[in-house]
Amino acid sequence: MLNMYYDMMINKYINQIDTSIDALELKLRVWDFINSLDKTDLSEEEIKNIVSNIGNLGTTLDESNPPKFEWYLNTIVDNDLCAKCGACSIVCPNHIVEFEEKPFIVKECLRKGNGMCQEVCPRVNAGSYEIRTRLNSFEEYYYGKSDIKGQSGGVVTKFLEYLLNDKKIDGAVVIGGSHWKPSSMLVTNSQDLLNLHKIDIDSTPKSRYSISSLNAIMEAGEMGFEKIAVVGLPCQVAGLRNIQYHQFNSKHDAERGWNGRPAKIPKIEYVLGLFCTEKFEYSKILDKINTLGINVDDIVKFDVKGPNFLISTETEDHEIKLNEMEPSPGCLMCRDFDAELADISFGEKGSPKGFSTVVIRTEKGKIIKDYFDFNNDVDIEEIEFMRNFKEKRFQKEIKHRKESGKANSYYYLWRFGGVGMGQKGRAYLRFRTTIGGYYDADLLMEISAIAKKYGGIIKLTSREEIEIQGIKLDDVEDIVYDCKDLPLVNGTEGPLVRSLMSCPGKEGCLLGLINTSEIAEKIEEKYAEKPANYKFKIGITGCPNKCLSVSTTDFGIHGVKTPFTNDNCNGCGRCEDVCKINAIEITGKNAITDYDSCISCGKCIPACPNNAKDIKYKGYCLSIGGKGGRETILGHEMYVDSEDEIYKTLDAVFEVYNKHAKNPQRERLASTIKRIGQLNFFNEVEKVKLSK
C-alpha cells in the first residue's frame, strides 16, 4: 500500500541509481510492485533493494494474465459493466480481491463471489432508493475557496484539515498519486495532508480522471481507526454507501472470512464526492501527454470542457477530443455526474474560476458551513447541463446494448421505489395501499391502461396494494415515469414502514367506533416509506373485531367503547342477545357485564331500547410488538384516551425500537422488546413521550 513515506524513499533511491529505464516508467513499476505487496511496514533498506532490483534487472510484476477463477462479478467485469470503484476489494474478508485498473480474484472463492463483493457492487444493485430514504437527501448549492492552492479553490483539502484538527475524524482516505497516476492514500493529520503538495504528489482535490481504488480504507481498518472521511468519485461514493448500508440493502450480515472475522472497515463518518464525467486508463492519458510533448510534472490540472479533455500547464491549455480518449467502458453506464449520494459534493461547474462548487446533501454535510463563508449564487444550469450530458450518453449506451445483444445488469432500476424482481426475469412495480384500501374507478382504469401498454398484469396483494407484474426489465423506467403522476406512492420491500392498512371505520361500517381514515392519513403522511431496522407494519381497525389482525402487527390500533349499566335497565335482555361473546348475563331486572370477557366493542350500547347503557370508557387500544408470519406473537396492549396520544406513543415506540434494535432485516419490534425486556422497553417509551 503506497504511502507518503514510501513515495519519498522511492524518489530518493531512483535518483541514486543508473538505469536505462525512464525515471517515470521505473517509478511506476516500483509503485505497482509495492502496491502488490499490500504492506505498510517496509523498511528503507527494503525499498532501496526493490528500486535497485527493478532498475538494474528490469524486474516487474508478472504481466501474464492471472488464472481465472469462478467469481460472480466476472459477469460485470467481462461485460464492461464494471464501474471500477474498488468497493469489492474493500469488503473481501479473505483479501483475495485485487484491483489493478479493474478487480479480479487471485484465489478460489468458497462462495464463488456470492457474498459481500457482489452485494456492495453498485453495478449489481444501485441500492440508492433505500440509501436516499435513510440519508433523507436534499441539495443546497454554494461556492467558495480556501487559502490552499489547489484545483477548484482547495476547499476539499481545507475541509479535511478542519475535520482532522477538530478530531471529527481519525484519518482521511484521499486520492493522491505521483505524476497524476491516482492512488488510494490514508492521511492521518493535517500536516501530512498539506505535505501532499510538497512531495511530488498532486494536491488532494485535483481531479485525475483516471481509475483508482479506495484500498486505503482497509489500511485504516487494520490500523484500528474508528472514523474516517473518504473522498471519491460518484461511482466510488455509490460503492461506499452500499458498504455503509449493506445490511439494509442485502439482508445479510458482514461476510466472515476464513479466520471467522469480517473485513476491518472503520466507520465512514463523511463521504465527500467529486464531480465526474468519466475516467480513463492512466496509460492512455500518459500516451496523450507524451504525444503533446508535455512534461507530466508541468501539468497543473485535468478537466473536461464540453466535448474536450483539457490538459493544463501554468501557461497553456491543451485540448483533446473526448472521443479520442477512450473512457473506461463502464463509465458509459453511469448517469451520476455530481455524486448524488455523498454528504457533500465538490467540483468546478457552476462556480467562478478558482472556486469550488459545494453541494450539501445531508444533515451531516451541513458541518462544512461552520468552517467556510460561502456564496450561494451557483449557476445550477451549468451543473444540469453536465447531468443531462451523462444521462443522454447513458441512454445511448443502454440502447446500444439492447440492439447489439450486450449484457446489462439493470443495476439502475433499484434507484426507484416500488420496483422488485419477480419470476422469469421480469420485474414488478408496487404501490402503497391507499387510505382504507379504497381505489377510485378512474384511477384503476389508468393503472389498467398502463399495465396493458407494457404487457403487464395486475395483482392485489394481501395488504391491499396494487402491483403491476410481468414487466420487462427494459420497460421498467418507462412504466415508472408513466405512473409518476398517479396519486399513489411507490411501496417497497425492505426495512421500512410498510403499507398502512385500515378498515372503513365508523365512516363506512356500522360497527366502527373511530374514524380510521383520519388517523391513517395523519400516520401515513409522516411514516410512509420511513426507514426502520426491519419491516414495520401498522394496522388500524374501527372496533375490537380487529378485521385486519392488528394484534399481530408492530403497531396496531383499534377503537374501544366499554358499557356501564345504569338504573334504567329493566332486564329485557336485548343487550345479552346482541353480545357475541356472552359477556352479559341478565339477573332479575339487571344486566350484569363480565368485564373480564367484555372486549369493549360497544355493540350493546345502541341496542338497548331503554337507554340503560352508559359509556364507562371510550378510547383506543394500542397493540405494540405483534408479529405474524413464521411465528405469531400478540402485541402488548396499551390504552390511550386521545388521538394525540396515539401519535406520541407511535413516535416513541418507533424511536426506542430503532435505537435498540440489532441485526437489520432480522430483528422485528417483538424481538427487540423480548431482548431488552418488556418493562425496560415501555419505561423508555414513556420517558421519550414525556420528553417531547
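Structure's up top.
Residues numbered from 1 in each chain as written. Predicted model: local features only at pLDDT ≥ 70, side-chain atom pairs only at ≥ 80, totals over all residues. Heavy atoms only, no water.

Undergrad: I'm lost on the side chain of E529 in this one. Help?
TA: Inspection of the secondary structure puts E529 in the loop between α17 (516–527) and β18 (538–541). The exposure class assigned to E529 is buried, which follows from its relative accessible area of 7%. Looking at E529, its side chain comes within polar contact range of the side chain of Y129, at 2.5 Å. Residues within four places of E529 in sequence aside, it is in contact with Y129, T133, R432, V489, N490, G491, T492, L496 and V497. (Helix = DSSP H or I, 4+ residues; strand = E, 2+ residues; numbered from the N terminus. Buried < 20%, exposed > 50% of the residue type's maximum accessible area, 1.4 Å probe, protein only. Polar contact = N/O pair within 3.5 Å; in protein donor to acceptor, adjacent residues only side chain to side chain. Contact = heavy atoms within 4.5 Å.)

Undergrad: Would you mind going over the packing of helix α21 (residues 669–676) against helix α22 (residues 678–691) with me for this structure?
TA: The description of two helices packed together rests on the angle between their axes and the distance between the axes. Packing of α21 against α22 leaves a shortest axis separation of 5 Å and a crossing angle of 110°. Relative to α22, α21 is oriented roughly perpendicular. On the side of α21, the interface is formed by L669, I673 and I676, while α22 contributes Q678, N680, F681 and F682. Partitioned by chemical class, the residues of the contact of α21 with α22 number five nonpolar, two polar and no charged. (Axes fitted to C-alpha atoms, helices over the stretch in contact; angles between N-to-C directions. Parallel < 35°, antiparallel > 145°, perpendicular 65-115°, else oblique. Nonpolar A, V, L, I, M, F, W, Y, C, P; charged D, E, K, R; others polar.)

Undergrad: I tried to follow the sheet that holds strand β23 (residues 636–640) on my own but got confused; where do I start?
TA: Two pairing modes exist for strands in a sheet, parallel and antiparallel, and in both the strands are linked by backbone hydrogen bonds. An order of β17-β18-β19-β22-β23 is seen for the five strands of this open sheet, with the pairing classed as mixed. Every other strand in the sheet has two partners, leaving β17 (501–502) and β23 as the edge strands with one partner each. Of the strand pairs in this sheet, strand β22 (residues 613–624) and β23 are connected by five bridges, and their pairing is antiparallel. Across the sheet, residue S623 finds its bridge partner in β23, namely E637. Contacting β17, β18, β19 (555–565) and β22, α17 crosses the sheet at an angle of about 160° to β18. Contacts from helix α20 (residues 643–660) reach β18, β19, β22 and β23, with the element oriented near 20° to β22. (Pairing = 2+ DSSP bridges.)

Undergrad: Could you clarify how one ought to interpret α22 in this entry?
TA: The periodicity of an α-helix, 3.6 residues per turn, causes residues three or four places apart in sequence to face the same way. The end-to-end C-alpha distance of α22 is 20 Å, a good match for the 20 Å that 14 residues give at a rise of 1.5 Å each. Of the surrounding elements, those touching the buried residues of α22 are β22, β23, α20 and α21. (Expected span 1.5 Å × (residues − 1).)

Undergrad: Hey, could you run me through the sheet that holds strand β13 (residues 419–421) in this one?
TA: Ordered in space as β13-β14-β16-β15, the four strands form an open sheet in which the pairing is antiparallel. Two strands close off the open sheet at either side, each with one partner strand: β13 and β15 (457–460). Shown here is a sheet whose adjacent strand axes are inclined to one another by a mean of 30°, direction ignored. Here three bridges tie β13 to strand β14 (residues 427–431), and the two strands are oriented antiparallel to one another. Following the sheet pairing, G420 is matched in β14 by Y428. Contacting β15 and β16 (466–471), helix α15 (residues 441–453) crosses the sheet at an angle of about 10° to β16. Strand contacts of helix α16 (residues 476–483): β13, β14 and β16, with the helix running at about 20° to β14, the strand carrying the most contacts.

Undergrad: Before we go on, may I ask you to explain the pairing of β14 in this structure?
TA: Regular strands place side chains that alternate from one sheet face to the opposite one. The buried fraction of β14 amounts to five of the five residues, a majority that puts the element mostly inside the structure. Burial of the side chains of β14 extends over both faces: A427, L429 and F431 are buried on one face and Y428 and R430 on the other. Hairpin remark: β13 followed by β14, antiparallel, with five residues in the connecting loop; positive phi at K424, about 55°. Judged from the four bridges that link them, β14 and β16 form a sheet pairing that is antiparallel. The partner of L429 across the bridge, within β16, is I468.

Undergrad: Explanation requested: helix α7 (residues 128–135) in the structure shown.
TA: Every buried residue of α7 is accounted for by S128, Y129, E130, I131 and L135. Buried residues along α7 sit against α11 (234–244) and α12 (246–250).

Undergrad: Hey, could you run me through the nonpolar core in this one?
TA: In this structure, F159, L160, F346 and I368 are the most contacted members of the largest nonpolar core, which totals 60 residues. The leading source of residues in this core is helix α8 (residues 155–165), at six residues. If near-sequence neighbours (up to four positions away) are discounted, F159 is found in contact with L272, I344, F346, I367, I368, Y371 and F372. Within the second largest apolar cluster, 45 residues are counted, among which are C117, M333, F431 and I450. (Core = buried A, V, L, I, M, F, W, Y, C linked by side-chain atoms within 4.5 Å.)

Undergrad: How should I be thinking about the side chain of Q118 in this particular structure?
TA: Within the element layout of this structure, Q118 appears in helix α6 (residues 116–119). If near-sequence neighbours (up to four positions away) are discounted, Q118 is found in contact with Y72, L73, G113 and V124.

Undergrad: So what exactly am I meant to see when it comes to the packing of α17 against α20 here?
TA: It is the contact of α17 with α20, at a shortest axis distance of 11 Å, that shows an interaxial angle of 30°. Of the possible angle classes, the one that applies to α17 and α20 is roughly parallel. As α17 packs across α20, the resulting crossing turns out to be right-handed. Residues E518, I519, K522, I523, K526 and Y527 of α17 pack against E643, I646, Y647, L650, D651 and F654 of α20. Per-class residue counts for the contact of α17 with α20 are seven nonpolar, no polar and five charged. (Left-handed = near helix turned anticlockwise from the far one by under 90°.)

Undergrad: I would appreciate a short explanation of the pattern of salt bridges in the present structure.
TA: If the charged atoms of two oppositely charged side chains come close together, the side chains can form a pair. Taken as a whole and assessed by the stated rule, the structure comprises 41 salt bridges. A salt bridge links E397 to R401, with the shortest nitrogen-to-oxygen separation between them at 3.0 Å. In this pair, E397 and R401 are both assigned in helix α14 (residues 380–404), four residues apart and thus about one turn of the helix distant. With respect to class, E397 is no different from R401; both count as buried. (Salt bridge = Lys/Arg side-chain N within 4 Å of Asp/Glu carboxyl O.)

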